Amino acid sequence: MDSPASAQPVPPAAPVTPDRRRVAGAAALASAVEWYDYFIFGIAAALVLGDLYFPADNPTAGVLAAFATFAVGFLARPVGGIVAGQLGDKKGRKPMLVLALTVMGLATTGIGLLPTYETIGVAAPILLVLLRIAQGVAVGAQWGGAMLLATEYAPEGKRGIYGSVVQLGVPIGVVSANSVFLAAGALASDSAFTSWGWRVPFLVGLLVLILAWYIHTRVEETPEFRQAEQALAEKEKREQNSPLRTILSGHLGTVLLAGGSFAVNTATFYILITGILDYTTRELGMARGPVLAVSLCVSLTQLVLIPASAALSDRVGRLPVYAAGAAGIALWAVPLFLLVDTGSLLWLAVGTFVASCFLSIMYGPQAALFAELFTPQMRYTGASLGYQIAAVAGGGLAPFLMVLLLEATGTSMAVSGYIIALSLVALLSIRSLAKKARARGE
């Protein structure tokens, strides 16, 4: 029977330390550069990768192949979460974060240098898939390490706002990715962009290795992990147990509920930044540059909304704020695509902005919520698994399924229905998590 780890006492807050803000800043920057590297693949998949690596007579087939490769990265994310979670709960948060950043930097640079199908034939898509898998493993390992560096250094009563600095890495990554692609498109002709301009954003990813070195040399391990390290070692000697085995045997229900609660957020997010980019440019005939600019501007608003919702969760609780965001996504799913289908840049901006607001309301408290579901001895493993299950069930397949639904039904309302279904799963999962919390007297 599942027994959430958060039923045990929450460890004391981290002692006051002059390193706290530096650690939070490093965690936020690590999240931002990691997500930048991850997101540029989605943008490239919507714009050029189908033609360059999966040539086909039918443009839709090429896009589907590119989005399938995009989804492969999500399938690899739980592997990164499991491996890094196991080692991160035993060896520390910092080493796993440094390793994740290093792998991501090398994989992203490799994609930027990869020859196309026309140059090396079938080896090109195979290598692209392998490098995308490496990206997925890296981002699966990164989130837990960055999130725990921030939240386990947080002062009492501020875990939500400290966790939100890592969540800000997502909109910062989106803004950075869109900005670099916009710059590359503006400085190169369409033919030059297709030939080499799209590679520039990937080569910029090499800078992540500098951040990995900084964290390795300048950031200390979290106080909560140091406190838990000795207890975990003694428990393993006595019981011959591991964080993953403990999670699977006693806390799997909590992991699945966490994943179920978040799948709608990650699915809708990737529909907004990747699926709609393909849909508006390929199906509605809208220009690439203005659509990217809308995505960039909408992401900027998340820089305010994410920390605001996290701060609110520190006052009123994580689950009420989280549930409000999920309900909003469900209610806005139909209006979103009615506005997108107008083909108007203004209404596209309105539709995606409102959807982004609801995503931010959920995303702000999510890091602290997931951290508080598990004790420090198993927190990296448990929180990472919950997050990456949501990524696979929601985000990885969302752009691919969006194209399939549009092709099969001929209407974007089918995509709205998909979002609503995931929203209902989220609300039911949140309700179950709330019942568990009440049963523990929280």
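Remember, predicted model here, so these are calculated numbers, not experimental data.

Tracing the backbone shows Pro307 in helix 14 (residues 288–316). Sequence-wise, Pro307 and Ile361 are 54 residues apart; in three dimensions their C-alpha atoms are separated by 9.0 Å. Not counting chain neighbours up to four residues away, the residues in contact with Pro307 comprise Ile161, Ser164, Leu168 and Gln302.

Attention now moves to the pattern of salt bridges. Overall, the coordinates contain five salt bridges when judged by the stated rule. Here Asp314 ties to Arg318 by a salt bridge, and the two come within 2.7 Å at their closest N and O atoms. You can call Asp314 partly exposed: its relative accessible area is 23%. Residue Glu372 pairs with Arg318 through a salt bridge whose shortest N-O separation is 2.9 Å. With Glu372 in helix 16 (residues 345–372) and Arg318 in helix 15 (residues 318–340), the pair connects residues that are 54 residues apart, well separated along the chain. Here the salt bridges share partners, and the residues they tie into one network are Asp278, Arg282 and Glu283.

Attention now moves to the packing of helix 13 (residues 252–283) against helix 19 (residues 413–439). Running from amino to carboxyl end, helix 13 crosses helix 19 at an angle of 150°, the nearest separation of the two axes being 7 Å. The pairing of helix 13 with helix 19 is recorded here as roughly antiparallel in orientation. Crossing geometry of helix 13 relative to helix 19 is assigned as left-handed. The segment helix 13 lies against helix 19, with Leu257, Gly260, Ser261, Ala263, Val264, Ala267, Thr268 and Ile271 engaging Val415, Tyr418, Ile419, Leu422, Ser423, Val425, Ala426, Ser429, Ile430, Ser432, Leu433 and Lys436.

Reading the values: rules and limits
- Residues numbered from 1 in each chain as written.
- Predicted model: local features only at pLDDT ≥ 70, side-chain atom pairs only at ≥ 80, totals over all residues.
- Heavy atoms only, no water.
- Helix = DSSP H or I, 4+ residues; strand = E, 2+ residues; numbered from the N terminus.
- Contact = heavy atoms within 4.5 Å.
- Salt bridge = Lys/Arg side-chain N within 4 Å of Asp/Glu carboxyl O.
- Buried < 20%, exposed > 50% of the residue type's maximum accessible area, 1.4 Å probe, protein only.
- Axes fitted to C-alpha atoms, helices over the stretch in contact; angles between N-to-C directions.
- Parallel < 35°, antiparallel > 145°, perpendicular 65-115°, else oblique.
- Left-handed = near helix turned anticlockwise from the far one by under 90°.

Without other data, these values stay purely geometric and don't point to any function.
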